Amino acid sequence: MEFYEITLKAMKKLLDDCNEKDYADMIKDCLEGWHKRQDTDCFLREFAKGGRFRTFQFKPEDFASGEQNFWVQQLFGGLVAMAIQLAGAIREKRTIDIGFIRKNFGRPSEVINGKKCSDCGKRQISGLDIDKYISLPIIAKRIADGLENNTLDTQIDSIISVSAPEISHERKATELRAANTGLLIVGENASAFCPACGSKKLVPCRLLKSLKEPVFVPLNS
């Protein structure tokens, strides 16, 4: 299956770009097994319980910012999920076409997480909360586009550099929805105190995207 090979090549490129040579070589071995024997067992074994990729994490110090680290982690997770799905389909002799991928891979989240002040009731979200909310559909579409046109290597470059225009677009749309809701938007990471009253009594909160208006609806009081 061509999609499987394309995905593994993109994984190897990402690992090479992030100076993870040993792990890139493992994916290279999986590609060679695929070329020689149409074998997916090597790949599935490496990501199964006890496999060498099971606890893999990129090193934060290798990135220019926590923001870039987050997007690369999410991108790699998306590529892994796609490769595992494709490898499973190959094992079961099922065909996965691009229509199936676009319909079923990377559905957008309807819920954003934040914090609520127990004293004044004000809710806040951070830049990271926003990125967690928007990243899955953005990455899924980039992967699907890359698989359909065999351009996955180039499709992921702007995610690695956090320069994809849709990232900025979706951030602004989410910030507008948050402003319409009266949410406070703090820095890249969550604040340890309430910007409205200064209290440190913060608890997690969840908000649901409204389908009728450009706002979020609190899911807990």
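Just above, that's the structure.
This text gives an overview of the structure that appears in the document.

About the criteria used
Residues numbered from 1 in each chain as written. Predicted model: local features only at pLDDT ≥ 70, side-chain atom pairs only at ≥ 80, totals over all residues. Heavy atoms only, no water. Helix = DSSP H or I, 4+ residues; strand = E, 2+ residues; numbered from the N terminus. Buried < 20%, exposed > 50% of the residue type's maximum accessible area, 1.4 Å probe, protein only. Contact = heavy atoms within 4.5 Å. Areas by Shrake-Rupley, 256 points an atom, 1.4 Å probe, with all protein chains shown as cover. Lys, Arg positive; Asp, Glu negative; His and termini not counted. Charge placed at Lys NZ, Arg CZ, Asp CG, Glu CD. Expected span 1.5 Å × (residues − 1). Pairing = 2+ DSSP bridges. Axes fitted to C-alpha atoms, helices over the stretch in contact; angles between N-to-C directions.

1. Points about the overall build of the protein chain
Then, in step 1: On a plain count of helices and strands, the protein chain comes out with nine helices and five strands.
Then, in step 2: Secondary structure elements of the protein chain occur, N-terminal to C-terminal, as α-α-α-α-α-β-β-α-α-α-α-β-β-β.
Then, in step 3: Projected onto its principal axes, the C-alpha positions of the protein chain cover 65 × 40 × 30 Å.
Then, in step 4: Out of the 221 residues in the protein chain, the part that is buried amounts to 46%.
Then, in step 5: Nonlocal contacts in the protein chain, meaning residues at least 24 apart in sequence, comprise 70% of its contacts between residues at least 6 apart.
Then, in step 6: Of the roughly 11700 Å² that the protein chain leaves accessible, carbon and sulfur atoms contribute 50%.
Then, in step 7: Averaging the locations of the 33 positively and 30 negatively charged side chains of the protein chain gives two centres separated by 7 Å.

2. Considering helix α4 (residues 66–91)
Then, in step 1: Look at α4: 37 Å from first C-alpha to last across 26 residues, which is about the 38 Å you get at 1.5 Å a residue.
Then, in step 2: With its phi angle positive at about 60 degrees, Lys93 sits one or two positions after the end of α4.

3. Quick notes on the sheet that holds strand β5 (residues 216–218)
Then, in step 1: If you trace the five strands from one edge of the open sheet to the other, you get β3-β2-β1-β4-β5, paired in mixed fashion. Of all strands in the sheet, those bounded by a partner on one side alone are β3 (184–185) and β5.
Then, in step 2: Note: strand β2 (residues 123–125) against β3, two bridges, orientation parallel. Bridge pairing in β3 links Ile125 to Ile185.
Then, in step 3: Of the strands in this sheet, β1 (111–117), β2, β3, β4 (202–209) and β5 touch helix α6 (residues 127–149), which is tilted by about 160 degrees from β1.
Then, in step 4: Contacts from helix α9 (residues 165–181) reach β1, β2, β3, β4 and β5, with the element oriented near 50 degrees to β5.

These figures capture arrangement, not role.
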